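# Structural overview
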Amino acid sequence: MATVSIEQVWRRFGPHSAVADLTLDVRDGEFLVLLGPSGCGKTTSLRMLAGLERPTSGIIRLDDRIVNDVPPGERDVGMVFQSYALYPHMNVYRNLAFGPRIRRENKAETHKALLEVSEVLGLSALLDRRPSELSGGQRQRVALGRALLRRPKLFLMDEPLSNLDAALRGQVRAELVRLHGQYKITTVYVTHDQVEAMTMADKIAVMFAGRLQQAGTAQEVFDNPVNMMVATFIGSPPMNILPGHLSEDESGIRIEVLGQTLRLPSWASIKGTHASAQQVSVGIRPTDIIADTLADCTGPRARIDFVESMGAETFLTLTCASNKLICRAPGRLRLNVGDEVGLVLDVNYLYAFDYEGGNSIIDRSGQAGDARPHPTKGVVTHGTI
Amino acid sequence: MRPENGERRGWWKSSAAADGEQQLDAVGILLLLPATLLLVVMFIGPVGFAFYLGVTNIALVGPTAQHFHFTGLKNLHRLVNDRLFWESLKLTAIFLGASAVVGVTIIGMALAVLMQHAVTWLRTVVGAIVVVAWMLPPITAALLWYAFSTTGGTLSLLSGSDSDILNDFPMTIVCLANIWSTAGFSMLVLSSGLRTVPAEVLEAGKMEGASRWQIFRSLTLPIMRPTIVTNVLLVTLLSLANFSLIYIMTAGGPGNATNILPIYSYQQAFQFNKLAYGALLGDVVVIIATVFAYLYVRVSRPSRAGYRPQGKLA
């Protein structure tokens, strides 16, 4: 059990900064997911926590002890590698026992702990097999078991599910959450898969281009993204970004988008330094748009370019006033390419980003939790499809 | 070299053929014919003839040079009772063991590890020197080492005396010369072997708290085992065939101190004119080489339990 504190850490490779000015805390027992696209510095950050990589500057603390110069073997950190990195010439038992043997731990105790861990992970029947004789899921569990036997203060995982097929991935995800609940070991987990991040994390830290963009719970990051990069990276299909205009008067904030003016709810305000009237990038998630076939819809009208039926829901790719956008509609909907629909945007989940820098402009701190049975509609209220 | 599925399949076998069952059809035989003919004419024939000569009384000059005949076990009987032959066999073992197994492999390994970790310029310089030493013709290498170690050479000048070190420690110097000229090959083979050891596996060892030496001994070496064994066998074969190096440096001397089998065979055949006995000694070399070659083929064959890349779902 441990807390981690990363303070202004940089990692440079020549002129290139893999990690820039990273400051991040992980609480005791927390499951932190480092999320970001490939090359965003998340693996480098993890390797610095492991001790496999030295920070160029900054401080890393493990339980208030500065560990910048502590070699990986002395950090009490267990790591699961993306390739599992099992020792190919040893059977499962010896793979698991390698660490304890190196550390000269008591043999009888190791044996007992090893059997216990392999029981928990369902490896008992596989102990005399070589890694090459195991399936991907089994190898992954051996890698987990090896890290667990270290009795680590901190668990590090580098995209541990990326080599598994989709069905197994869901299963192992649940397994990992269960194990975390059982052992309560502080965990830092690296992934580029937002589904893994959303489902497993206590806290998500989103990284882009070496910089930490936002850290918060899954819901916070989803509902209140600090900038356009975070907003469009999380959520599938991604948030629609449309050109628009924002203005503020005594009655509140108004956003012009898709040829229509929407008034934001009263909790919304403009963040400190931003101008009160400006051109903005307006963001809205596909799930916060309703495509309406009713003739009396007063909202913007759009033409359907493409229909993606997923069974339970349908994703429509639309053109509206020469903008492309995606919207979610219920499944079993009889809509065809070329049909016209009216759009209703949910003003509660309308985002505005700085046109230049992409930072979020609207302060949503006043927004209450949402118990929406139906989304609140912007301009008009009427039945949906 | 190592198919993913771990099964061996000769190219002549249809993919449906069960493992271990070899099927030759007409086309297969036709395609094998040129290679077979070449092998028979250029290799099996001459070697077979050499084995025959080994049990005749052929000489280089004199009446039996042309009219030789089969003499049964006479030469073999001589071989078994020849003290010099047993001595020569022992020297061959020492030469192969010290230079090929110990020297070339250990130094080759050290160089390979150095090449992996050293800064670029050092890597370039050392790599170039070592490979050049390997590329030099044996006669150059031999003369170089002769000049280096004989009276008035660098080594005696360095030691401040005019002693003939080549004469005093002939076997050591000859082994060193062989190591010097073969280490480059060994380094190339082992370097490529080192590259196949996955970095993450070594890092996993580091995470467990293993020291550099423990990682090298318990992870790198065992994972590289097939490459190391292959290398030892290849270098042994190369050294066994390296007749010219020793012949130029010492011609088997002083006395018989470096008289390894290939040299003893040459001596008997072309200096003492006993072509038949020389051939028989050569046959012994062929048998030794065949054993190593067979082991080499066995080892370099992919095995089911061998290392396969991990990661992808099997």
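These numbers were taken from a predicted model, which means no experiment stands behind them. (Residues numbered from 1 in each chain as written. Chains lettered and ligands numbered in written order. Predicted model: local features only at pLDDT ≥ 70, side-chain atom pairs only at ≥ 80, totals over all residues. Heavy atoms only, no water.)

This part is about the overall build of chain A. Each helix and strand counted, chain A has eight helices and 22 strands in total. Oriented by its inertia axes, the alpha-carbon framework of chain A measures out at about 75 × 45 × 40 Å. Expressed as a percentage of its 385 residues, the buried residues of chain A come to 54%. Partitioning the intrachain contacts of chain A with sequence separation of at least 6 by distance along the chain shows that 67% fall at a separation of at least 24. Working note: accessible area of chain A is about 16,900 Å², and carbon and sulfur atoms make up 49% of it. If you average the places of the 42 positive and of the 43 negative side-chain charges in chain A, the two averages end up 8 Å apart. (Helix = DSSP H or I, 4+ residues; strand = E, 2+ residues; numbered from the N terminus. Buried < 20%, exposed > 50% of the residue type's maximum accessible area, 1.4 Å probe, protein only. Contact = heavy atoms within 4.5 Å. Areas by Shrake-Rupley, 256 points an atom, 1.4 Å probe, with all protein chains shown as cover. Lys, Arg positive; Asp, Glu negative; His and termini not counted. Charge placed at Lys NZ, Arg CZ, Asp CG, Glu CD.)

All names here are of chain A. Taken in spatial order, the five strands line up as E16-E20-E17-E18-E19 in an open sheet, and their pairing is antiparallel. Here the strands that pair on one side only, and so sit at the sheet edges, are strand E16 (289-292) and strand E19 (323-330). Looking at each pair of strands side by side, their axes are set apart by 45 degrees on average, direction ignored. Across six bridges, strand E17 (residues 301-309) lies against strand E18 (residues 313-320) in antiparallel orientation. When the sheet's bridge partners are listed, Glu 308 is paired in E18 with Phe 315. (Pairing = 2+ DSSP bridges. Axes fitted to C-alpha atoms, helices over the stretch in contact; angles between N-to-C directions.)

Glancing now at the packing of aromatic side chains. All names here are of chain A. Across all of its chains, the model carries 14 aromatic pairs over all chains by this definition. Relative to Tyr 189, the ring of Phe 31 lies with its centre 5.7 Å away and its plane at 35 degrees, an arrangement referred to as tilted. One end of the pair, Phe 31, is in strand E3 (residues 31-35); the other, Tyr 189, is in strand E8 (residues 186-191), and 158 residues separate them in sequence. With a relative accessible area of 2%, Phe 31 lands in the buried category. (Phe/Tyr/Trp six-rings, centres within 6.5 Å; stacked < 30°, edge-to-face > 60°.)

This part is about the pairing of strand E7 (residues 154-158) of chain A. All names here are of chain A. Summarising burial for E7: five of the five residues are buried, a large majority. Residues Leu 154, Leu 156 and Asp 158 point to one face of E7 and Phe 155 and Met 157 to the other, with burial holding for every one of them. Examined bridge by bridge, E7 and E8 share five bridges and lie parallel to one another. In the strand pairing of E8, Leu 156 is matched with Val 188. As a crossover connection, the stretch from E7 through helix H5 (residues 166-183) into E8 is right-handed. (Right-handed = clockwise from strand over helix to strand, strands pointing away.)

Turning to the interface of chain A and chain B, a few remarks are in order. Contact with chain A, which involves 35 residues of that partner, is made by 25 residues of chain B. Roughly 2,600 Å² of surface becomes buried between chain A and chain B when both sides are summed, with 57% attributable to carbon and sulfur atoms. Taken together, the connections running from chain A to chain B amount to three salt bridges. Notably, a salt bridge pairs B:Glu208 with A:Arg146, separated by 3.9 Å at the nearest N-O pair. (Buried area = accessible area lost by both parts, 1.4 Å probe. Salt bridge = Lys/Arg side-chain N within 4 Å of Asp/Glu carboxyl O.)

Here we take up the domain arrangement of chain A. Residue and element names in this part refer to chain A. By domain assignment, chain A separates into domain 1 (4-228) and domain 2 (238-363). Taking the mean C-alpha position of each, domain 1 and domain 2 sit 38 Å from one another. If you look at the interface, domain 1 gives seven residues, while domain 2 gives nine residues. Both faces considered, domain 1 and domain 2 share a buried interface measuring about 710 Å² in area, 57% of it formed by carbon and sulfur atoms. On the domain 1 side of the interface with domain 2, the three residues burying the most area are Phe 222, Pro 225 and Met 228, jointly 61% of the side's total. (Domains from an automatic or database assignment.)

This brings us to helix H5 (residues 138-149) of chain B. All names here are of chain B. Under the 1.5 Å per step criterion, the end-to-end length of H5 is 16 Å for twelve residues, consistent within 8% with the ideal 16 Å. If you check which residues of H5 are buried, you get Ala 141, Ala 142, Trp 145 and Ser 149. Each buried residue of H5 lies within a common arc of 100 degrees when the element is viewed along its axis, so the set occupies one face. On its buried side, H5 packs onto helix H6 (154-159), helix H7 (165-168), helix H8 (170-195) and helix H11 (243-249). (Expected span 1.5 Å × (residues − 1). Arc of directions from axis to C-beta.)

A separate point is the packing of helix H3 (residues 83-117) of chain B against H8(B). Helix-helix packing is characterised by the crossing angle of the two axes and by the distance between the axes. Residues and elements named next belong to chain B. Packing of H3 against H8 leaves a shortest axis separation of 6 Å and a crossing angle of 45 degrees. Overall, the two elements H3 and H8 adopt an arrangement that is oblique. Note that H3 runs across H8; the crossing there is right-handed. A per-class count over the contact of H3 with H8 returns 19 nonpolar, nine polar and no charged. (Parallel < 35°, antiparallel > 145°, perpendicular 65-115°, else oblique. Left-handed = near helix turned anticlockwise from the far one by under 90°. Nonpolar A, V, L, I, M, F, W, Y, C, P; charged D, E, K, R; others polar.)

Core analysis: the largest hydrophobic core is formed by 48 residues, its most contacted members being A:Leu34, A:Met79, A:Leu156 and A:Val188. Per-element tally for this core: the top contributor is helix H10 (residues 212-240) of chain B, with six residues. The contact partners of A:Val188, leaving out residues within four places of it in the chain, are A:Val26, A:Leu32, A:Leu34, A:Leu46, A:Leu49, A:Leu154, A:Phe155, A:Leu156 and A:Met157. (Core = buried A, V, L, I, M, F, W, Y, C linked by side-chain atoms within 4.5 Å.)

Attention shifts here to the side chain of A:Arg285. Residue and element names in this part refer to chain A. In this structure, Arg 285 sits in the loop between strand E15 (278-284) and E16. Despite being buried, Arg 285 has no salt bridge partner; Asp 288 is the closest side chain of opposite charge, sitting 5.2 Å away. Side-chain polar atoms of Arg 285 contact the backbone oxygen of Ile 234, separated by 2.8 Å. Aside from chain neighbours lying at most four places away, what touches Arg 285 is Phe 222, Pro 225, Ala 231, Ile 234, Gly 235, Met 239 and Asn 240. (Polar contact = N/O pair within 3.5 Å; in protein donor to acceptor, adjacent residues only side chain to side chain.)

To continue, consider the sheet that holds strand E4 (residues 57-62) of chain A. Residues and elements named next belong to chain A. With antiparallel pairing, four strands are arranged side by side in an open sheet as E2-E1-E4-E5. Strands at the two margins of the open sheet, each flanked by one partner only, are strand E2 (16-26) and strand E5 (65-66). Relative to E2, strand E1 (residues 4-13) runs antiparallel, the two sharing seven bridges. Looking at E2, one finds that Ile 6 is bridged to Leu 24. The strands that helix H1 (residues 42-50) touches are E1, E2 and E4; relative to E1, the one it contacts most, it runs at about 115 degrees.

To continue, consider the side chain of A:Thr319. Residues and elements named next belong to chain A. Within the secondary structure, Thr 319 sits in strand E18. A polar atom in the side chain of Thr 319 sits 2.3 Å from the side chain of Asp 305. A distance of 3.4 Å separates polar atoms of two side chains, one belonging to Thr 319 and the other to Lys 324. Once you skip the residues sitting within four places of it in the chain, Thr 319 turns out to touch Ala 302, Arg 303, Asp 305 and Lys 324.

Residue and element names in this part refer to chain A. On the secondary structure map, Asp 249 appears in strand E11 (residues 240-249). Measuring from C-alpha to C-alpha, the distance between Asp 249 and Ala 277 comes to 9.3 Å, with 28 residues separating the pair along the chain. Side-chain polar atoms of Asp 249 contact the side chain of Ser 251, separated by 2.7 Å.

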